[in-house]
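# Close look at the chain arrangement
If you want the building blocks of each chain, they are given just below.
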Amino acid sequence: MIEILFFFLHDVVKTINNSSGIHRLRIDNEVIEDLQLIDDHILDFYKNLYVESVSNYQNTGNMKDFIGTYIPELVSS
């Protein structure tokens, strides 16, 4: 009986794991299902997002503003 329950729960977990994730993504009004293209697009999106943010602060030369924006202050005076 315990073995049956174990295999049932294992199948439930496998189903949940297989259903999570991005399997389809609209890029420039085209639906993409190729997982490698989706991975590349998401990686490029976040690389560009953070590069722009970092370069905006590096141009000002004020590292304290950069750190204060991206790293929360966890300890107060």
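Presented here is a report on the structure given in the accompanying data block. (Residues numbered from 1 in each chain as written. Predicted model: local features only at pLDDT ≥ 70, side-chain atom pairs only at ≥ 80, totals over all residues. Heavy atoms only, no water.)

Here we come to the overall build of the protein chain. Looking only at helices and strands, the protein chain features three helices and two strands. Counting from the amino terminus, the protein chain carries its helices and strands in the arrangement α-β-β-α-α. Counting across all 77 residues of the protein chain, residues that qualify as buried make up 5%. Just so you have it, the protein chain exposes about 7300 Å², and 59% of that area is on carbon and sulfur atoms. (Helix = DSSP H or I, 4+ residues; strand = E, 2+ residues; numbered from the N terminus. Buried < 20%, exposed > 50% of the residue type's maximum accessible area, 1.4 Å probe, protein only. Areas by Shrake-Rupley, 256 points an atom, 1.4 Å probe, with all protein chains shown as cover.)

Further remarks concern the packing of aromatic side chains. In the structure shown here, the tally under the stated rule is one aromatic pair. With a centroid separation of 4.9 Å and an interplanar angle of 90 degrees, the aromatic rings of phenylalanine 45 and tyrosine 46 are classed as edge-to-face. Judged by its relative accessible area of 47%, phenylalanine 45 is partly exposed. In this structure tyrosine 46 comes out as partly exposed when scored by relative accessible area, which is 42%. (Phe/Tyr/Trp six-rings, centres within 6.5 Å; stacked < 30°, edge-to-face > 60°.)

Residues Leu5, Phe8, Leu9, Val12 and Ile16 make up a contiguous nonpolar surface patch of about 470 Å² in total accessible area. Tracing the backbone through its elements, the reader meets valine 12 in helix α1 (residues 2-19). (Patch = residues over 30% accessible without salt bridge, like charges linked within 9 Å, V, L, I, M, F, W, Y side chains within 5 Å. Salt bridge = Lys/Arg side-chain N within 4 Å of Asp/Glu carboxyl O.)

What follows is about a negative patch on the surface. Side chains of Asp34, Asp39, Asp40 and Asp44 sit close together on the surface and give a patch of like negative charge. Mapped onto the fold, aspartate 40 is located in helix α2 (residues 35-60). (Lys, Arg positive; Asp, Glu negative; His and termini not counted. Charge placed at Lys NZ, Arg CZ, Asp CG, Glu CD.)

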